[in-house]
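# Commentary on secondary and tertiary structure
As a plain string of letters, each chain reads:
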Amino acid sequence: MKFFYTASMSMLFCYGHLYAQVNTDKCSFTLSGKVYSGETHQNLSSVSVEIKELNKGMATNDSGVYHLNFICAGSYTVQYSHVGHKTFTCTLHIQGNHSQDVTMHFDTCSIHEILIVKRRGNDSVPLIQPQEQIKGKELDKTRGLSLGESLKSLAGVYTIQTGPSISKPVIHGLHSNRILILNNGIRQEGQQWGSEHAPEIDPFIATNLIVVKGAASIRYGSDAIGGVILVEPKKMRINPGIGGEINLVGMSNGYAGTSSAMLDGAFGKKFSGLSWRVQGTYKRSGNSRTAYYYMDNTASKEINYSATLAYTKKNYGAELYYSSFFTQLGIFSGTHAEAVSDILSAIKRDKPLTPDVFTYTIDRPYQLVQHNLFKAKAYYKSEKLGRFELTFASQQNERSEYGYIPFTGKLNPELYLRIQTQTLDGIWEHKSFKNIKGSIGFNGITQGNVRKYEFLIPNFRNYGGGILWIEKWQKNRWSIEGGIRYDYRWMRVYMLDNTTAQVITPTYHYENFTIAAGAEYRLTEKMSISANFSTAWKAPTVNELFSKGVHQSAASYEIGNSNLVPEHAYNFNSEIKYSNKNFVLNFGAYHNIIINYTYLKPDLIAIHTIRGSFPAFSYTQANVVFTGVDVKAEYTLHKITFTTKTSYIYAYNNSIHDFLIYAPSNRIDNSIKYEIGKIGKLQKVSLGISNLNVAKQNNVPANSDFALPPAGYVLLGANINFDFLIGKQVVSVDFSVNNMLNKSYRDYLNRFRYFTDDLGRNFVLRIKVPFEFSKHNTNNN
Amino acid sequence: MKYISKTKLLAVVLVAFTIQACNKEEQVVAPTIANEALTTVSVIVTNTLAPFDKDTATWEQLLDANGYPLPVDVSKVDLTLKANATYTAELVLLDKSQSPVFNVSNEIKERANYHLFFYQSLPSMSAFVIPYTSGDVLPDPIPTNASTTATVSSNALNLTVSITDHDSNPQVYPLGLQSSFVTGANSTGWLRLMLRHQPNSKNGTYTPGSTDLDVGFNVTIQ
């Protein structure tokens with residue numbers, strides 16, 4: 001049985017150039033090259049390249065590059081195979097180091113359908129803006145982690161954490177309501193009012209996580225000041241049959257277990273075009289452990305599932321999707337600090353006073369979060385006009401936060417919030433003419449929020465609408481892109497008047513234009529340079545306007561400001577990309593100017609309440625800048641790949657002439673990967689070690705925090721992964737260790753750093769079993 | 001044929017969700033109910049030798065209609081005691097944000113194993129019962145400089161508080177709703193009263209848990 005692709009053998013067309021080098025040692029030649037897609041002209045990664053006679057092979061890397069070493073002179077049959085593509089075989093006469101580039105074409109049986117799907121993948125991301133993705137083996141290595149943790153290996157992406165179980169992505173220093181997450185194409189609308197409100201998404205639905213860095217509102221809607229995260233599921237199956245994948249993850253820290261399964265199928269003949277997929281994940285973790293002690297009440301569980309039904313034809317198609325996310329998260333009991341005096345005494349302790357024991361039991365305080373999403377999408381492709389797509393989605397996010405059982409003995413949550421959102425998006429991608437491609441579209445949204453028990457944010461209803469127009473011109477070495485967008489937003493708040501207790505309805509409306517322009521120039525085949533300017537804006541959110549009171553576990557008294565105005569971002573991005581056979585460099589620089597940036601400013605006064613004194617923080621607006629550099633360099637020497645990633649960020653508050661609070665620390669992430677290939681029965685064996693250096697954040701404003709930023713830290717990691725066969729079944733295994741030296745450390749962006757260390761050593765075993773029941777299988781080995 | 005039926009299904013679903021969107025649930029505002037609301041703390045003292053020598057001091061912070069705390073009412077926080085006398089003291093804790101007014105002290109008595117009160121006379125000559133951390137802010141009406149130890153005994157408030165009631169833990173730890181106030185020579189100062197919430201961790205000391213209540217009173221011994 002052959003996995004991942006239908007092996008329809010095809011005629012060969014080898015166009016690579018040969019160059020012979022006279023070499024006395026006849027078994028030290030290399031075969032290397034790059035694999036491109038014949039349709040999209042992009043590099044193809046994860047293509048299996050195999051020399052049949054030697055039983056020797058490897059997969060192409062992210063840049064489509066492959067290297068096979070220690071080949072003796074002679075004639076060989078080399079086979080290139082890749083999912084959805086025609087397997088390509090050619091005969092090569094090796095007499096020296098040999099370079100062989102290959103173009104692979106889609107499998108003719110499904111070429112039209114694939115083309116349609118493929119187009120979506122490329123056009124849903126703006127071309128000229130720094131973006132990175134995690135997929136394939138890299139994504140496999142993050143399985144079992146939350147969305148925020150999965151993304152933080154990318155340069156320029158950080159996380160803001162609330163203990164071990166809550167992690168939110170930060171792009172170029174911005175997070176929460178300044179980042180847009182598109183969950184299977186739908187704008188994720190959850191409760192994003194604090195750093196303890198993590199995105200309600202199961203990363204197992206995705207086979208590709210794309211991060212667009214910098215203001216990307218033009219295509220996706222206002223608020224995307226920091227960037228956009230696209231959680232992209234696997235393309236719907238086209239070849240008739242049933243397939244699937246099982247993922248199992250076990251972690252030593254927290255004795256956490258995750259199991260996820262996906263099953264998909266497509267019908268043939270009469271029902272050709274009809275396909276389906278079901279997927280589910282169950283995750284359970286006990287108390288997490290720092291280097292020296294357990295964190296009490298940090299157990300969690302998660303139950304997620306989704307189902308998709310799609311009908312795909314050459315010119316039209318439709319899709320129905322439903323997903324459910326449920327989690328129960330314990331909140332570390334050692335952070336139950338209510339007043340300044342508690343937090344000050346917690347900081348003085350090396351170790352929390354809470355019990356140092358392991359359990360799976362989730363006790364109070366905890367959070368219960370349920371997020372449901374329904375999506376219906378239809379598209380039509382006209383030969384004359386282009387492609388039309390309409391997407392409707394409805395989502396509900398229900399969040400209950402439970403504190404300790406109060407004096408009254410009542411068991412209800414302290415806080416309950418339910419937000420319901422409906423969105424309708426339409427896009428017309430017009431037929432390209434004279435090298436110009438483009439699209440015109442609209443987004444509509446309505447949202448209602450209902451609260452109960454304690455007051456964090458009021459009830460509200462909002463309506464929003466936007467229209468957009470983007471055009472892209474591409475010729476020879478140049479690509480130029482420009483776009484304009486208009487958004488309108490109306491919001492009405494329903495709350496009680498402080499004194500009369502009558503319902504009052506403050507109403508707000510905002511409107512703004514957004515523009516974007518970018519250019520890319522390909523200097524050579526190997527090198528390109530691009531620059532991009534984009535604007536974005538964000539209307540004040542309800543918490544910024546109306547919060548008032550103690551944010552628990554933050555020990556701060558937050559005061560909203562109902563006179564806030566929208567914030568505007570002016571974002572400059574530039575990127576230089578270079579890639580050759582064994583060296584890849586991405587150098588990106590950004591400068592993000594934000595006018596009226598809304599943040600919590602320490603008032604340096606205490607508010608007295610019956611529970612003690614709390615430092616006051618007011619929502620204030622300031623003109624700030626975020627400047628930074630993201631660098632990724634990868635050098636391949638035979639089977640060894642060296643990778644280094646640097647994220648440097650500088651944030652400054654121009655209004656008060658001081659640093660901006662809570663900017664991520666600078667970091668360098670180095671790794672070495674050694675691809676051994678085959679050892680006995682193990683295939684694709686690869687070893688890796690990594691070293692993450694996080695610097696201390698020295699750029700902090702004076703008198704703004706309870707404690708100084710923690711020291712920098714260095715974490716080491718290692719991993720081994722390989723495939724093996726059980727009968728004809730491929731099983732992929734990855735075994736890794738994080739924080740190998742069991743270093744005790746605290747991170748500046750972890751809100752629980754006042755109370756506890758961060759995670760200690762963690763051994764992780766990941767097993768992936770893809771399977772396939774296809775009538776079209778041919779065993780060609 | 002297949003496609004048409006699906007379009008119909010899609011239309012039905014779309015209509016269903018549009019109807020749901022018109023649901024104006026958010027216009028009904030639920031009242032703010034804070035789980036752990038506590039608005040009023042009274043200390044009632046009775047002279048053990050003269051039952052008519054009674055005094056009450058009350059610290060109060062009411063909430064507005066949205067549950068936000070209003071400014072602290074310190075108009076009734078004065079407690080006057082006779083010199084060289086012994087008083088029985090009782091705490092009454094109320095939540096006036098509920099109707100009828102909810103008696104929180106009764107609940108604390110029921111959950112005695114999770115709670116512990118601390119009384120700190122200020123200025124003090126002896127070691128602090130409630131530790132003072134630099135940077136901490138004291139409750140109204142106590143000025144911040146009151147937290148420094150009195151250097152001469154004439155500055156100290158001559159009030160010693162000992163807790164007389166206990167919880168039902170096997171170790172029988174003190175609770176603090178009932179106590180005994182013993183006064184010395186004439187002096188003035190403040191009394192800081194704190195309630196520590198110590199679920200599953202109460203050990204008779206201040207350290208475990210978190211603060212549920214932190215208030216102050218003016219005390220005159222004459």
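Residues numbered from 1 in each chain as written. Chains lettered and ligands numbered in written order. Predicted model: local features only at pLDDT ≥ 70, side-chain atom pairs only at ≥ 80, totals over all residues.

## Overview of the overall build of chain B
Scanning chain B from terminus to terminus reveals two helices and 10 strands. Burial analysis of chain B (222 residues in total) assigns 38% to the buried set. Pairs at least 24 apart in sequence give 67% of the contacts found in chain B among residues at least 6 apart. (Helix = DSSP H or I, 4+ residues; strand = E, 2+ residues; numbered from the N terminus. Buried ≥ 20, exposed ≤ 12 C-beta atoms within 10 Å, placed from the backbone. Contact = placed C-beta atoms within 7 Å.)

## With respect to the confidence of the model for chain A
All names here are of chain A. Looking at chain A as a whole, its pLDDT mean stands at 87, while 91% of the residues score no less than 70. Within chain A, helix H1 (residues 111-123) has the poorest average pLDDT of any element, 35, and strand E19 (residues 274-285) the best, 97. For the stretch residues 108-125, pLDDT sits under 50, and the model shows 23 contacts to residues farther than four places along the chain or on other chains. (pLDDT = per-residue confidence, 0-100.)

## Concerning the sheet that holds strand E12 (residues 174-175) of chain A
All names here are of chain A. Taking strand neighbours across the sheet as the criterion, the three strands line up as E10-E11-E12 in an open arrangement whose pairing is antiparallel. On the outer flanks of this sheet lie strand E10 (157-162) and E12, each paired with one strand and no other. One ladder, built from six bridges, connects E10 with strand E11 (residues 166-171); its direction is antiparallel. By the bridge assignment for E11, Tyr158 is matched with Val170. (Pairing = 2+ DSSP bridges.)

## Thoughts on the nonpolar core
Within soluble globular proteins, side chains that are nonpolar generally end up buried alongside one another. In terms of nonpolar packing, the biggest core is built from 74 residues, with B:Leu79, B:Phe117, B:Leu191, B:Phe217 and B:Val219 touching the most fellow members. Once you skip the residues sitting within four places of it in the chain, B:Val219 turns out to touch B:Leu79, B:Leu81, B:Leu157, B:Leu159, B:Thr188, B:Gly189, B:Trp190 and B:Leu191. (Core = buried A, V, L, I, M, F, W, Y, C linked by C-beta atoms within 7 Å.)

## As for unusual backbone geometry
All names here are of chain A. In this structure, Pro365 follows Arg364 across a cis peptide bond, with omega equal to 0°. One non-glycine residue, Tyr453, lies in positive phi territory at about 65°. Considering the arrangement of structural elements, one finds Tyr453 in strand E25 (residues 436-453). A positive phi angle, close to 45°, is found at Asn739, a residue other than glycine. Relative to the elements of secondary structure, Asn739 occurs in the loop between strand E41 (729-738) and strand E42 (762-773).

## As for the interface of chain B and chain A
Each side of the interface is counted separately: chain B has 48 residues, and chain A has 54 residues. Going through the elements one at a time, helix H1 (2-21), helix H2 (104-110) and strand E10 (210-221) of chain B are the ones with two or more residues in the side of chain B that touches chain A. In terms of residue count, the dominant contributor to the side of chain B that touches chain A is H1(B) (seven residues). Here the residues of the side of chain B that touches chain A sort into 24 nonpolar, 14 polar and 10 charged. (Nonpolar A, V, L, I, M, F, W, Y, C, P; charged D, E, K, R; others polar.)

## Things to note about the environment of B:Ser162
Residues and elements named next belong to chain B. Within the secondary structure, Ser162 is located in strand E7 (residues 159-163). Using a count of 12 C-beta atoms within 10 Å as the deciding quantity, one classes Ser162 as exposed. Sequence spacing of Ser162 and Val129 is 33 residues, and the spatial spacing of their C-alpha atoms is 11 Å.

## Some remarks on the sheet that holds strand E9 (residues 187-197) of chain B
All names here are of chain B. Read from one edge of the open sheet, four strands run E3-E10-E9-E6, paired in mixed fashion. Looking at which strands have only one partner, the edges of the open sheet turn out to be strand E3 (78-81) and strand E6 (115-122). Neighbour to neighbour, the strand axes of the sheet diverge by 30° on average, direction disregarded. As paired strands, E3 and E10 are joined by four bridges and run parallel to one another. When the bridges of E10 are listed, Leu81 appears paired with Ile221. (Axes fitted to C-alpha atoms, helices over the stretch in contact; angles between N-to-C directions.)

## Some points on the domain arrangement of chain A
Domain assignment breaks chain A into domain 1 (1-106) and domain 2 (118-347 + 356-422 + 438-773). A C-alpha centroid distance of 37 Å is found between domain 1 of chain A and domain 2 of chain A. (Domains from an automatic or database assignment.)

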